[in-house]
Amino acid sequence: MSIKLTTQAYCKMLLHAAKYPHCAVNGLLVAEKQKEKKKDSHSTPILCVDCIPLFHGTLALAPMLEVALTLIDTWCKENKYVIAGYYQANERTKDFRPNQFAEKVGARIAENFSEAAMIMVDSTRFTMGCYEPILTIYDHHENKWKCRDCNADCFEDWCEAQKITSALLEGRSYESLIDFDNHLDDLRNDWTNPEINKSVLHLC
Amino acid sequence: MFDYCRACRLMVTCGDTTRCSKGSAETNHTQFNDVKPVLPRAMASVSEMYDVTWEEMRDKLRKWREDNHRNSEQIVDVGEELINEHASKLGDDIWIIYEQVMIAALDCSRDDLAWTCLQELKRQFPGSQRVKRLAGMRLEALEKYEDASKQYDSILQDDPTNTAARKRKISILKAQGKSAEAIRELNEYLEQFVGDQEAWHELSELYINEHDYGKAAFCLEELMMTNPHNHLYCEQYAEVKYTQGGLENLELSRKYFAQALKLNNRNMRALFGLYMSASHIAACPKVNATVKKANVKYAAWATNQINRAYQLAGRGTKENKCSVKAVEEMLESMQITMS
């Protein structure tokens, strides 16, 4: 029932928030598609291997979100991924609770993937050193979102995630991060962020 | 230990001998061992790193000023160096650069730099309302909202028509999360200053965040009336109508996406929006056969244009081919659900 994050997924989420500190940002998390449904599948956590940054600024408009969800869903199918989560960082630093919009998108994702998670980024604890995980994870239970504490257990390897995210922030890698909004501004911008993925791999 | 290569900015571990993509074929990554030790803040100077002259830096700042770019980190990098190394050459330009750099510094929590710029401006323009407003903005950045508000009130006492001070007061409400009050004050402001486009746009955003799409649409209508050639307002209006939902709003959204495309045929959001709205209308059970047929045609045209745009963009890059394929498949799958 619980999700875990890889370094790459956590990194790109934080880089996205760092690139647009004055805006709300949101995006999707993808996990590898499970080959078979085991009876005790709820005991093995879902591993979110990648993150797709979507928009910055005004988030609450439908058409581009629908395009992004459909396009990324198609891309997922090709790469044997599944959309497993949604993250959002609000415009105001002190505002780290999910709003109506986040809940709606989360619910939509949960329709296709029952163990979907909604993640809110807590910008008040956002530092260059990344000493602690700054996420709050919400799981979908009976049409409500329940908050779960985020600690080192929620990561595939927290030490690695902390080190690499901090290094990329210092190196200002977020300047080259591409989100779906950037892609719509210029189609040549690649929202899979291969260069940043390479940097993360380099540091592992 | 690792550091970033000065040329390509990839992180590399010490002693890494892989080739650098930015340097010539013969060079390895430029590691910190190759570079002279530098003081913490300094880094390589902007002019050294990018091989630019101070005139080019000044012109870049001007361009960012004119385009109203909020690339604060870059402005601080370039502006700080310009101020520290080339102040004497800038002439009267320096004052507006101080203002630009100060605001960018506030964005980057560089209070030291912001303070320096503010002092220079205070010295040169004592008693200026414009400088007072900058002092207020600094207080806002330090979250001293009461003091900032008092600062703006004192400006308004001397000059009740000072729009900048009034708008800063509204920004304070926004920063404190008091959206309802911010909306109320902004509406009052716009009753007096009907032509302030920046304010209408801000109000539309506030309404969108409150999910009051009807009122957001009204604000965008005002903007479209005064800026009939602006494709961005058209396209945003269409997005708001689409989000409102319902057949009538969908048809309106399709019309305005089409209008945005007429004004700028490279607006991808408008193109996608046209496709989505036409597809939804065609799929709606309430429409008659003629309307359905027309919208299927519009959607098909949009599909064509979208595919063409992706083909054009994907030319030459291996990675982008996956995007092209994904888009083609997505459009195909939606066609099936539509018919």
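In this text, all values refer to a predicted model and were calculated from it rather than measured experimentally.

Basis of the calculations
Residues numbered from 1 in each chain as written. Chains lettered and ligands numbered in written order. Predicted model: local features only at pLDDT ≥ 70, side-chain atom pairs only at ≥ 80, totals over all residues. Heavy atoms only, no water. Helix = DSSP H or I, 4+ residues; strand = E, 2+ residues; numbered from the N terminus. Buried < 20%, exposed > 50% of the residue type's maximum accessible area, 1.4 Å probe, protein only. Contact = heavy atoms within 4.5 Å. UniProt positions renumbered as here; feature names shortened; annotations may be inferred. pLDDT = per-residue confidence, 0-100. Axes fitted to C-alpha atoms, helices over the stretch in contact; angles between N-to-C directions. Parallel < 35°, antiparallel > 145°, perpendicular 65-115°, else oblique. Left-handed = near helix turned anticlockwise from the far one by under 90°. Nonpolar A, V, L, I, M, F, W, Y, C, P; charged D, E, K, R; others polar. Disulfide = S-S within 2.5 Å. Pairing = 2+ DSSP bridges. Buried area = accessible area lost by both parts, 1.4 Å probe. Salt bridge = Lys/Arg side-chain N within 4 Å of Asp/Glu carboxyl O. Polar contact = N/O pair within 3.5 Å; in protein donor to acceptor, adjacent residues only side chain to side chain.

Right, let's get into the side chain of histidine 16 of chain A. Residue and element names in this part refer to chain A. Position of histidine 16 among the secondary structure elements: in helix α1 (residues 7–19). Of the residues examined, histidine 16 reaches a relative accessible area of 0% and is grouped as buried. Excluding its chain neighbours within four sequence positions, the residues that come into contact with histidine 16 are Val25, Asn26, Pro53, Leu54, Phe55, Tyr87, Leu177 and Asp179.

In this numbering, the UniProt entry assigns the feature "domain: EMC2 TPR-like" (unreviewed entry) to residues 132–241 of chain B. The span residues 132–241 of chain B is 81% helix and 0% strand, and its two end C-alpha atoms sit 41 Å from each other.

The subject of this paragraph is the UniProt feature "repeat: TPR" (unreviewed entry) in chain B. Sequence positions flagged by UniProt for "repeat: TPR" (unreviewed entry) are, in local numbering, residues 197–230 of chain B. Along residues 197–230 of chain B, the helical share is 79% and the strand share 0%, with 12 Å between the first and last C-alpha atoms.

All right, on to the confidence of the model for chain B then. Residue and element names in this part refer to chain B. In the predicted model, chain B carries a mean pLDDT of 86, and the fraction of residues at 70 or more is 82%. Predicted confidence for residues 31–42 stays below pLDDT 50, and this span has 14 contacts to residues more than four positions away or in other chains. Reported confidence for the predicted complex is 0.92 by ipTM and 0.86 by pTM.

Residue and element names in this part refer to chain B. Here helix α12 (residues 231–244) crosses helix α14 (residues 268–283) at 30 degrees, and the two axes come no closer than 10 Å. The angle between α12 and α14 falls in the class roughly parallel. Note that α12 runs across α14; the crossing there is left-handed. For the pair α12 and α14, contact is made by Glu235, Glu239 and Tyr242 and by Arg269, Ala270, Met276, Ser277 and His280, respectively. Here the residues of the contact of α12 with α14 sort into three nonpolar, two polar and three charged.

Residues and elements named next belong to chain A. Under the counting rule described, the total for this entry stands at zero disulfides over all chains. With no disulfide of its own, cysteine 51 has cysteine 11 as its nearest cysteine by sulfur position, at a separation of 9.5 Å. A relative accessible area of 1% places cysteine 51 in the buried class. Distance from the sulfur of cysteine 130, which forms no disulfide, to the nearest cysteine sulfur (cysteine 11) is 8.0 Å.

The subject of this paragraph is the pairing of strand β3 (residues 46–56) of chain A. Residue and element names in this part refer to chain A. Most of β3 sits inside the fold, with 10 of its 11 residues counted as buried. With three bridges connecting them, strand β1 (residues 3–5) and β3 associate as parallel partners. Bridge assignment links isoleucine 3 to a residue of β3, and that residue is isoleucine 46. Across seven bridges, the pairing between strand β2 (residues 25–32) and β3 is antiparallel. Bridging across to β3, leucine 28 finds its partner in isoleucine 52.

Here we take up the interface of chain A and chain B. Of the residues lining the interface, 38 residues belong to chain A; the matching set on chain B comes to 44 residues. When the two sides are added together, the surface that chain A and chain B hide from each other amounts to roughly 3900 Å², 60% of it contributed by carbon and sulfur. Our count for the chain A to chain B interface comes out at five salt bridges. Measuring nitrogen to oxygen at the nearest pair gives 2.5 Å for the salt bridge that ties glutamate 143 of chain B to lysine 94 of chain A. Linking chain A with chain B are 12 residue pairs in polar contact (both at pLDDT 80 or more), by the criterion used here. Looking at the side of chain A that touches chain B, the elements with two or more residues in it are α2 (62–78), α3 (100–112), α4 (158–170), α5 (180–185) and α6 (194–203) of chain A.

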